[in-house]
Amino acid sequence: VNSTFSFAANLFPLSSTTGGGYAPLGAPTATRGHGNGGLGGGSLEKHKTLTYLNGLSLIVGLIIGSGIFSSPSQVNANAGSPGAAIIVWVVAGILAWTGAASYAELGGAIPLNGGPQVYLSKIFGELAGFLFTWVAVLVLKPGSAAIISIIMGEYLVRTFIGAEAETINPWISKSVALVGLFLVTFLNSVSTKLGTRMNDMLMFLKFVALLGVTIIGIVVAATGFSFSGAANLDWKKHDWFEGTKMDASAFAVALYAGLWAFDGWDNTNYVVGEFRNPGRDLPRVIHTAMPLVILSYILANVAYFFVLPLDTINSTNTVAVIFGSKVFGPVGALILALIVSASCFGALNASTFTSSRLVYVAGKEGYIPELFGRIGSGTAVDQHESLTTTRTRSWFTKKLIRIVADEDTGLFYTPIPALMLNCTLTAAYVCVGEFGTLVTFYGVAGYTFYFVTVLGLIVLRVKEPNLERPYKTWITTPIIFCCVSLFLLSRAVFAQPLQTLLVVAFVVVGVPVYYWRRYVNGRSAVKREVGGMREVREGRPWWKFWQRR
Ligand code: ARG
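Residues numbered from 1 in each chain as written. Predicted model: local features only at pLDDT ≥ 70, side-chain atom pairs only at ≥ 80, totals over all residues. Heavy atoms only, no water.

### Things to note about the overall build of the protein
Rule in force here: Only runs of H or I of at least four residues qualify as helices and only runs of E of at least two qualify as strands under DSSP, and these elements are numbered from the N terminus. Classification of residues uses two cut-offs on accessible area relative to the type maximum, computed with a 1.4 Å probe and protein chains only: under 20% is buried, over 50% is exposed, and between them is partly exposed. Note on contacts: a residue pair qualifies if any of its non-hydrogen atoms lie within 4.5 Å across the two residues. Methods summary: accessible areas were calculated by the Shrake-Rupley approach with a probe of 1.4 Å, and residue burial reflects only the protein chains presented.
Within the protein, the secondary structure is distributed over 19 helices and 0 strands. Here the protein, with 549 residues, has 59% of them falling under the buried criterion. Here the analysis covers contacts within the protein between residues at least 6 apart in sequence; of these, 79% occur between residues at least 24 apart. Just so you have it, the protein exposes about 21,900 Å², and 66% of that area is on carbon and sulfur atoms.

### Some words on a nonpolar patch on the surface
Test applied: Patch definition: residues above 30% relative accessible area lacking any salt bridge, with like charges linked at up to 9 Å and the nonpolar side chains Val, Leu, Ile, Met, Phe, Trp and Tyr linked at up to 5 Å. By definition here, a salt bridge exists when the distance from a side-chain nitrogen of Lys or Arg to a carboxyl oxygen of Asp or Glu is within 4 Å.
Among the surface-exposed residues, Leu 211, Ile 215 and Val 219 lie close enough to one another that they form a single nonpolar patch of about 280 Å² accessible area. Mapped onto the elements, Ile 215 comes out in helix α9 (residues 194-223).

### Here's the deal with helix α5 (residues 82-109)
The condition is simple: A helix's residues, less one, multiplied by 1.5 Å, set its expected span.
Taking 1.5 Å per residue as the helical rise, α5 with its 28 residues ought to reach 40 Å, and the 41 Å between its terminal C-alpha atoms agrees with that figure. Among the 28 residues that make up α5, 23 are buried, leaving the element largely enclosed by the rest of the structure.

### Concerning helix α7 (residues 126-161)
What counts here: Bend is the name given here to the angle between axes fitted to two runs of seven residues, the run ending at a residue and the run starting at it.
The end-to-end C-alpha separation of α7 is 51 Å, in line with the 52 Å expected for 36 residues at 1.5 Å each. Along α7, the helix axis deviates most sharply at Ala 136, where the bend reaches about 50°. In terms of residue burial, α7 counts as a mostly covered element, since 32 of its 36 residues are buried.

### Describing the environment of Leu 488
By the secondary structure assignment, Leu 488 is in helix α18 (residues 476-495). Each C-alpha atom of the pair Leu 488 and Leu 255 lies 8.0 Å from the other, and the pair is 233 residues apart in sequence.

### Examining the packing of aromatic side chains
Each aromatic ring pair is characterised by the separation of its centres together with the angle its planes make. Rules: Only the six-membered ring of Trp is used, alongside the rings of Phe and Tyr, when aromatic pairs are assigned; centres must lie within 6.5 Å, and planes under 30 degrees apart are stacked while those over 60 apart are edge-to-face, with the rest tilted. Only when the NZ atom of a Lys or the CZ atom of an Arg is both within 6 Å of the ring centre and within 35 degrees of the ring normal do we say a charge sits over the ring.
The tally for this structure, following the rule as stated, stands at 18 aromatic pairs. Ring centres of Trp 265 and Tyr 450 lie 4.4 Å apart, and the angle between their planes is 40°; on these two criteria the pair is classed as tilted. With Trp 265 in the loop between α10 (248-262) and α11 (278-307) and Tyr 450 in helix α17 (residues 435-463), this pair connects stretches of sequence that are 185 residues apart. Per residue, the accessibility class of Trp 265 equals that of Tyr 450, and both read buried. Three or more aromatic residues joined by ring pairs form one cluster here, namely Tyr 103, Tyr 119, Trp 265, Tyr 447, Tyr 450 and Phe 481. The ring of Tyr 52 carries the charged tip of Arg 284 above its face, separated from the ring centre by 4.5 Å. Over the face of the ring belonging to Trp 516 we find Arg 517, whose NZ or CZ atom lies 4.8 Å from the ring centre.

### Comments concerning the confidence of the model for the protein
Here is the rule we go by: Residue-level confidence of the predictor is what pLDDT reports, using numbers from 0 through 100.
Chain-level pLDDT for the protein is 75 on average; 74% of the residues reach the 70-or-more range. Low pLDDT, under 50, characterises residues 1-46; the predicted model gives this stretch 116 contacts beyond four residues in sequence or across chains. Low pLDDT, under 50, characterises residues 403-410; the stretch is placed with 29 contacts to residues that sit more than four places away or in other chains. Here the predicted complex carries an ipTM of 0.96, next to a pTM of 0.79.

### Some words on the pattern of salt bridges
Counted according to the given criterion, the structure contains 5 salt bridges. Among the ionic pairs, Glu 105 bridges to Arg 461, the shortest N-O distance being 2.6 Å. Residue Glu 105 is found in helix α5, and its partner Arg 461 is found in helix α17; the two are separated by 356 residues along the sequence. What makes Glu 105 buried here is its relative accessible area of 2%. Classification of Arg 461 by relative accessible area gives buried; the value is 16%.

### Quick word on the nonpolar core
What counts is decided by this rule: Among buried residues, those of type Ala, Val, Leu, Ile, Met, Phe, Trp, Tyr and Cys that are joined through side-chain atoms within 4.5 Å constitute a nonpolar core.
One finds Phe 69, Tyr 155, Trp 265, Tyr 297, Phe 323 and Tyr 447 to be the most contacted residues of the largest nonpolar core, which totals 135 residues. The greatest single-element share of this core, amounting to 20 residues, is contributed by helix α13 (residues 319-364). Look past the residues within four positions of Phe 323 in its chain and what remains in contact with it is Val 213, Ile 216, Ala 303, Tyr 304, Val 307, Leu 308 and Leu 336. Within the second largest apolar cluster, 10 residues are counted, among which are Leu 106, Ile 123, Leu 457 and Leu 467.

### Observations regarding the site of the ligand
Basically, it comes down to this: Residues are classed as near a molecule or strand on a simple rule: at least one heavy atom within 4 Å of it. Between N or O atoms, a polar contact is any pair within 3.5 Å; within protein, one atom must be a potential hydrogen donor and the other a potential acceptor, and residues adjacent in sequence are included only when both atoms are from side chains. Each residue gets one of three labels, nonpolar for Ala, Val, Leu, Ile, Met, Phe, Trp, Tyr, Cys and Pro, charged for Asp, Glu, Lys and Arg, and polar for the others, Gly among them.
Around the ligand lies a shell formed by Leu 62, Ile 63, Gly 65, Ser 66, Gly 67, Trp 260, Ala 261, Asp 263, Asn 267 and Tyr 442. One of the backbone nitrogen or oxygen atoms of Gly 67 is found 2.7 Å away from an oxygen atom of the ligand. A total of 350 Å² of accessible area belongs to the ligand in isolation, and the protein chains cover 96% of it. Of all elements in the fold, only α2 (52-63) and α10 reach the threshold of two or more residues within the shell around the ligand. Grouping the amino acids of the shell around the ligand by side-chain chemistry returns 5 nonpolar, 4 polar and 1 charged.

### Notes on the side chain of Asn 422
Locating Asn 422 in the fold gives a position in helix α16 (residues 416-432). Here Asn 422 is in contact with Lys 141, Pro 142, Thr 352 and Ser 355, once residues within four sequence places are set aside.

### Section: the packing of helix α4 (residues 72-79) against α10
Short version of the rule: In this analysis an axis means a line fitted to C-alpha atoms, helices contributing only their contacting stretch, and an angle means the value between N-to-C directions, from 0 to 180 degrees. Working rule for angles: under 35 degrees goes down as roughly parallel, over 145 as roughly antiparallel, 65 to 115 as roughly perpendicular, anything else as oblique. Crossing chirality is assigned from the near helix's rotation relative to the far helix, an anticlockwise turn below a right angle marking it left-handed and a clockwise turn marking it right-handed.
With their axes 8 Å apart at the nearest point, α4 and α10 run at an angle of 165° to one another. Between α4 and α10, the interaxial angle falls into the category roughly antiparallel. The hand of the α4/α10 crossing is left-handed. On α10, the residues that touch Gln 74, Val 75, Asn 78 and Ala 79 of α4 are Ala 250, Phe 251, Val 253, Ala 254, Ala 257 and Gly 258. The class makeup of the residues in the contact of α4 with α10 is 7 nonpolar, 3 polar and no charged.

### Some points on the environment of Gly 273
With respect to the element layout, Gly 273 can be found in the loop between α10 and α11. When its relative accessible area of 1% is taken as the criterion, Gly 273 is described as buried. It is 9.1 Å that separates the C-alpha atoms of Gly 273 and Leu 50, two residues lying 223 residues apart in sequence.

### Topic: the packing of helix α6 (residues 116-124) against α7
Two quantities define a packed helix pair, namely the angle between the axes and the distance from one axis to the other. It is at 6 Å that the axes of α6 and α7 come closest, and there the two elements cross at 155°. Compared by their axis directions, α6 and α7 come out roughly antiparallel. Considering only the axes of α6 and α7, their crossing is right-handed. Where α6 abuts α7, its residues Pro 116, Gln 117, Leu 120, Ser 121 and Phe 124 lie against Glu 126, Ala 128, Gly 129, Phe 132 and Thr 133. Here the contact of α6 with α7 is built from residues that sort into 5 nonpolar, 4 polar and 1 charged.

As structure tokens, this is what we get:
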């Protein structure tokens, strides 16, 4: 019985992730009710709209966010020298690439929406899948959103006070971050369409920014021209490895910061079910996107080194503004600060969209309280039809809907409770954390599950050698990934014990919660053939507990 699959099937009911407009919630998705499909086969024929190019823009747009404009300080400070920092970037990029390639194999073998939750449930049992969702809802999604908001806040504050100003009071930028977060949450509560249109434009901006930084760097290196008046790093004479720290834990922290900038490589796996030809296109997307991103990041970093003094890079989260101000003065600083905060805003918006769907589905499936699986002000999803067809709307509302919402859904037809939960958790992380610590915290939690999932790939090869795999990586790929991420995770214990402990605590608490949720969902139930936890809810009332199966 594929009882685990319906969770995944409900995840991210998007029909088009790139065309500027997500499918309305509750719309029939291709993968719903996939319980009888089984591995490799299935009923995914409808709504398979994503092509190679869609996938490429989706993943590149997701990966390039705040990281390349903010991580360099933490990478540099912990690597100790420009040469070592570049090595960290290369290692992080390749690690992300091997991970993405492994995920591509899993995505082809198990072509369902939902990503790790599905793979883990299939390979290690439902508890593993539950724990992933649990940690994703509580840590990964709000954690990453918090990092992006914080960077957005810092860059926005820089647009007002300029690049050169001394350190800013963190609470000022945190307040700005919170305002941005609330705004994004509000937009997502009003309409599913509002923000997504914007993202394509923002992606273009990001590329322009990165390309601009790179070109300027090359020009500086070639001509030796100094924008700042100070001596630049002379790339022919300078010893690139001077000052390298020979400390594995510092290296791990640097790596986490680099990995943050590459993070998001797993995201095409969440919408695998919507690719026209996942077996062919998913690996093609990965093997174009990753080298592209790696190359552009390395070039951007080299450009930072050429234009900025090392200790300036080491001590700022907003390296791009400083870059802009050194090259073009205050106007350049302003422009770069605006571009990067817009880029973060877009990333935050996309992240909020997907996170709320994850929370929503977790609620619907009974993984977390049912409240979070509701739409709008408590309407059941199944009433979608009647709600949207019979509700009478004023002229004004109709106009508004035309502008901001899907024609057939209407305003506020969004997973508001899920959005609220996500926003609350994110705000909490923004308040207690700061960029450096959050990045490691997120990295430890994220790489725990990346590691287990890729390990699952190896297990699956052994357990089901004959499973149809349209794409197969070399077996070395997952092995390399597992070894390096294991190293990373083991170092985290020494480098950042507190964050590591916190992650472990979250996972451990998830185990009793799993059994509790199973009890809650199962106590009044007759188990149906298909479905996750919540499918079992119908049947006997809870007080007839003795009739439980
Ligand atoms: N790499 C992105 C950045 O630099 C972060 C991606 C966050 N991860 C995610 N799954 N949304 O900002």
